[in-house]
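These are the residues of each chain, in order.
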Amino acid sequence: ALFGLALAPESLPDDVAAAAAAMVRAGRLREALSLLYRGALSVLVHRDHVPLAEGDTEGDCVRAARKTLPANAGDYFARLVQTWTAAAYAGRLPDAGGAEALCREWAPHFAARAAEGATA
């Protein structure tokens, strides 16, 4: 767990992006963002072995992830974290199209990396 979020791979759906997209379609944008964020953190911790600690801020996570991820994945993660924190702390939700875009973009950066880590 990190930030009170369950990060164990088995605590997540098999297809994080598809589950999050279904939440967006159901109007549950905050939950969808939370799932994408949890899924990304799980991959970073369990597959990429990025050292994250309970006291780390979201900004600390972005900086640590950028040291490990390819640039485009790091940029995506930074955008996801920015969107998540705006929703979680300020109650500013993206429009459905913006949330759907984050769902579509998640898998290329994190699902493939999860599969690579699982076979390593």
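Residues numbered from 1 in each chain as written. Predicted model: local features only at pLDDT ≥ 70, side-chain atom pairs only at ≥ 80, totals over all residues. Heavy atoms only, no water.

Caption draft 1: Structural view of the overall build of the chain. Of the regular secondary structure elements, the chain holds five helices and zero strands. When the helices and strands of the chain are listed from N to C terminus, the series reads α-α-α-α-α. Counting all 120 residues of the chain, 46% fall into the buried class. If you take every contact in the chain between residues at least 6 apart in sequence, the share linking residues at least 24 apart comes to 68%. (Helix = DSSP H or I, 4+ residues; strand = E, 2+ residues; numbered from the N terminus. Buried < 20%, exposed > 50% of the residue type's maximum accessible area, 1.4 Å probe, protein only. Contact = heavy atoms within 4.5 Å.)

Caption draft 2: Focus on the packing of aromatic side chains. Counted by the stated rule, this structure contains five aromatic pairs. Here Y37 and F77 contribute two aromatic rings whose centre-to-centre distance is 6.4 Å and whose plane-to-plane angle is 25°, an arrangement assigned as stacked. Here F77 lies in helix α4 (residues 71-90) and Y37 lies in helix α2 (residues 29-47), a separation of 40 residues in the sequence. Considering the side-chain rings of Y76 and F110, the 6.1 Å spacing of their centres and the 55° angle between planes classify their relative orientation as tilted. A residue pair is termed long-range when its members are at least 10 positions apart, and Y76 in helix α4 and F110 in helix α5 (residues 96-119) qualify at 34 residues. (Phe/Tyr/Trp six-rings, centres within 6.5 Å; stacked < 30°, edge-to-face > 60°.)

Caption draft 3: Just the packing of α2 against α4, in detail. Across the interface, α2 lies against α4 with an axial gap of 10 Å and an inter-helix angle of 135°. Our classification of the angle between α2 and α4 gives oblique. Considering how the two elements wind past one another, α2 and α4 form a crossing that is left-handed. Between α2, through R30, L33, S34, L36, Y37, A40, L41 and L44, and α4, the contact on the second element is made entirely by Y76, F77, L80, V81, T83, W84, A87 and A88. Grouping the constituent residues of the contact of α2 with α4 by class yields 13 nonpolar, two polar and one charged. (Axes fitted to C-alpha atoms, helices over the stretch in contact; angles between N-to-C directions. Parallel < 35°, antiparallel > 145°, perpendicular 65-115°, else oblique. Left-handed = near helix turned anticlockwise from the far one by under 90°. Nonpolar A, V, L, I, M, F, W, Y, C, P; charged D, E, K, R; others polar.)

Caption draft 4: Representation of the pattern of salt bridges within the structure. One pass over the full model with this rule turns up four salt bridges. The salt bridge partner of E31 is R28, with a shortest N-O separation of 3.1 Å. A relative accessible area of 37% means that R28 is categorised as partly exposed. Across the salt bridge formed by R63 and D60, the nearest N and O atoms sit 2.7 Å from each other. Of this pair, R63 and D60 both sit in helix α3 (residues 58-68), separated by three residues, roughly a single helical turn. Assessed through its relative accessible area of 52%, R63 is described here as exposed. (Salt bridge = Lys/Arg side-chain N within 4 Å of Asp/Glu carboxyl O.)

Caption draft 5: Looking closely at α4. Helix length check: α4, at 20 residues, gives a terminal C-alpha distance of 27 Å against a target of 28 Å (1.5 Å per residue), a fit within 8%. Turning to α4, its buried residues are A73, G74, Y76, F77, A78, L80, V81, T83, W84, T85, A86 and A87. Phi turns positive one or two residues past the end of α4, at G91, with a value near 70°. (Expected span 1.5 Å × (residues − 1).)

Caption draft 6: Spatial organisation of unusual backbone geometry. Even without being glycine, H49 reaches a positive phi, approximately 55°. Residue classification places H49 among the exposed positions, given a relative accessible area of 61%.

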